[in-house]
Structures are given as structure tokens and as C-alpha cells.
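These are the residues of each chain, in order.
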Amino acid sequence: MDVFDLPEESLCMLEERIGMKITIIDNNGIFNYRQRRAVFSEFRASHKKNAVCRCGFSEKCIAHCRYAMNRKCMGTDSPFFSTCWKGICQIVVPLTFASVHYGMLYAGVFRTSEVSPPEELPSEFLSLYESLPLREETEAEKLFPLLRIYADGIIFYLRRANIVNDSYDLRSAAISDFIHQNLDRSIGLPDLAERLGLSESHTSILVKRLFGRPFSEYLMQRRVERACRYLSSTDLKLDETAKLCGFSSAFHLSKVFKRIKGLPPSRFRERFRNEFLRGESE
């Protein structure tokens, strides 16, 4: 059997076993083989196989199922339920290996009692939506352990068979390392593009696909993460912390920190120390 046949055959068997359609969405073409032979077919890689997803399909669907879920999956390796802007619920399983995020496995389509479909959708959408099983009345959550083991297994197989294109792993690491090494100075997309040897437009697209957010947003997230470490483990003043994290001033740090974390740096430091002291006294 061709090494490319087994993944698709196993997915068909999984669908038959659980009674749900499976979609595989990769991270920036990582499942396109080096000879440009795709591991999974266009049918497997698109939610349009589901009539309810196909009806009213738009850029909002791509923004949710690729970018938003890509971003969420980078923070967890456990399956979860996700409800899109249409009100369609699916099981999402992160495809990860050794802290590298490859994409997402989606299973099933459900409706929920918590969300009503927006009125802007085509008239036929509602009948398709109403025909879906109600998530609360299924035992879909019991499939989480099975789907997680399967997701781990498929990535292990693709890596062992030398099928996945690991060049994207290297670019992800290169971008992350570049930002880490330069967080204490002013850097922008042109600097990263020069390091990667790519155009600014290509670099911008690459960052969004790999990390689920624009370069500027990802950079600020990393700056705030470093600031959190200084705030929780040192007595540095806010202006000193701002300089070490690449912010132009303490005011700039405070403004961005509050937007991302929901509280000012001083309150973060106070809360962290109170929780630490409480833990020490117990």
C-alpha cells in the first residue's frame, strides 16, 4: 500500500466508526508533500463537504476555522467544542507533535441551544441547521480521548513516513527565535522579512498562517509575556521593564498590557504576589 493511501483509508474507517465526517485543516500547507503531492484531498481539507457549512460559506468561515482555531489550538493539545459565527458546533482536535502545531482535525457538525444563526444567512440555511443533531443530546464529548489518540497517531505516522513538510516547522522556529532575540529593541516586519529572505507581503501572510495573528499583534503578545515574567519575578520599575521588553515607555507598556491581559501591570504584579504569599502560608 502506498504510504499516502493509509491516512485517507484510516480516516474513512474513523468516520464509519463514529458516524461523523472528518475534516483536516493544516497550518500553511504543511500537509503538502515535498513533491507537491497533497497528503489529504481537497474534499478532506474542506468543510464544504457538509451542506450546512457550504450554505452561506464566506471569509468569516475561513477566519474562524483556520485562523481563530489555529490560534486557540496553539495554547492547548486537548480536544474541545467550537461554535462558529453561523452557530455550527464541531469537535476540534489540535494536531501537534513535540510542541509543533500542524493544524486541526474537525469532527461532526452539531447545533446548540445556546446560539441562534444570524439572519444574514441564506433562507435554506435554517432548514439545514435544524436537521443537525443537538450537541447537548449527543455523547460526542465521550469521543475526545479516541480523537486525541487518533490525532497523535496520524501525525506520528506522517512524520515517520517522512511525508509532512517540516520546512514550515523550521520557519516557525526561526520566527519565534528572531522575536525572542530582539524583544528588547524596536523591530518590525521588514526586519523579519530580511532575516527570512522573503518579501514583506509573503512574511506577513506566513506569520498569520503560522501563528494565527498579524506580526504586530504576535510581537506585542510576546512582549507582554516577557513583561509578565519580569513583573512576577523582579522588583524592576515599570520603565525599566518596558525598556527590557521593547516598549517605548512605561505608558506604552501599561496601555498594551491592559489591552491584552485585562488589567494594568501594577495590578498584575500585586495579584501575583498575593497569590504567591497565600500559597506559601497554606
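Please read all numbers here as calculations on a predicted model, not as lab measurements.

Definitions and cut-offs
Residues numbered from 1 in each chain as written. Predicted model: local features only at pLDDT ≥ 70, side-chain atom pairs only at ≥ 80, totals over all residues. Heavy atoms only, no water. Helix = DSSP H or I, 4+ residues; strand = E, 2+ residues; numbered from the N terminus. Buried < 20%, exposed > 50% of the residue type's maximum accessible area, 1.4 Å probe, protein only. Lys, Arg positive; Asp, Glu negative; His and termini not counted. Salt bridge = Lys/Arg side-chain N within 4 Å of Asp/Glu carboxyl O. Contact = heavy atoms within 4.5 Å. Pairing = 2+ DSSP bridges. Phe/Tyr/Trp six-rings, centres within 6.5 Å; stacked < 30°, edge-to-face > 60°.

## Considerations on the side chain of Arg223
Here's step 1: Within the secondary structure layout, Arg223 lies in helix H9 (residues 215–233).
Here's step 2: As a buried residue without a salt bridge, Arg223 has its nearest oppositely charged side chain in Asp184, at a separation of 6.9 Å.
Here's step 3: With sequence-adjacent residues up to four places away left out, Arg223 is seen in contact with Asn182, Leu183, Asp184, Arg185, Ser186, Ile187, Cys245, Gly246 and Phe247.

## What to know about the pattern of salt bridges
Here's step 1: For the structure on display, the rule yields seven salt bridges.
Here's step 2: Glu15 is the salt-bridge partner of Arg44, the closest N and O atoms lying 2.7 Å from each other. Here the residue Arg44 occupies a position in the loop between strand E1 (22–26) and helix H2 (51–54), and Glu15 occupies one in helix H1 (residues 5–18), the gap between them amounting to 29 residues. With respect to class, Arg44 is no different from Glu15; both count as buried.
Here's step 3: Residue Asp77 is joined to Arg148 by a salt bridge in which the shortest nitrogen-to-oxygen separation is 3.1 Å. With a gap of 71 residues between them, Asp77 in the loop between helix H3 (59–73) and strand E2 (80–83) and Arg148 in helix H5 (residues 144–160) connect regions that are remote in the sequence.
Here's step 4: Overall, Asp77 belongs to the partly exposed group, its relative accessible area being 40%.
Here's step 5: Note on Arg148: relative accessible area 31%, which makes it partly exposed.

## Remarks on the pairing of strand E4 (residues 100–110)
Here's step 1: Of all eleven residues in E4, ten are buried, a share of seventy percent or more.
Here's step 2: For E1 and E4, the ladder comprises five bridges, and the chain directions are antiparallel. Across the sheet, the residue bridging to Ile22 is Ala107, located in E4.
Here's step 3: Here strand E3 (residues 89–97) pairs with E4 via eight bridges, running antiparallel. Residue pairing across strands places Cys89 opposite Phe110, the latter belonging to E4.

## Looking at the packing of aromatic side chains
Here's step 1: Scanning the entire structure with this criterion turns up five aromatic pairs.
Here's step 2: Here the aromatic rings of Phe125 and Tyr129 are separated by 5.8 Å at their centres, their planes lie at 25°, and the arrangement is stacked. Of the two residues, Phe125 and Tyr129 are both situated in helix H4 (residues 125–130); the distance of four residues between them amounts to about one turn of the helix. For the pair Phe125 and Tyr129, one class covers both residues: buried.
Here's step 3: With centroids separated by 4.3 Å and ring planes inclined at 20°, the aromatic side chains of Phe211 and Tyr218 adopt a geometry described as stacked.
Here's step 4: Assessed through its relative accessible area of 10%, Tyr218 is described here as buried.

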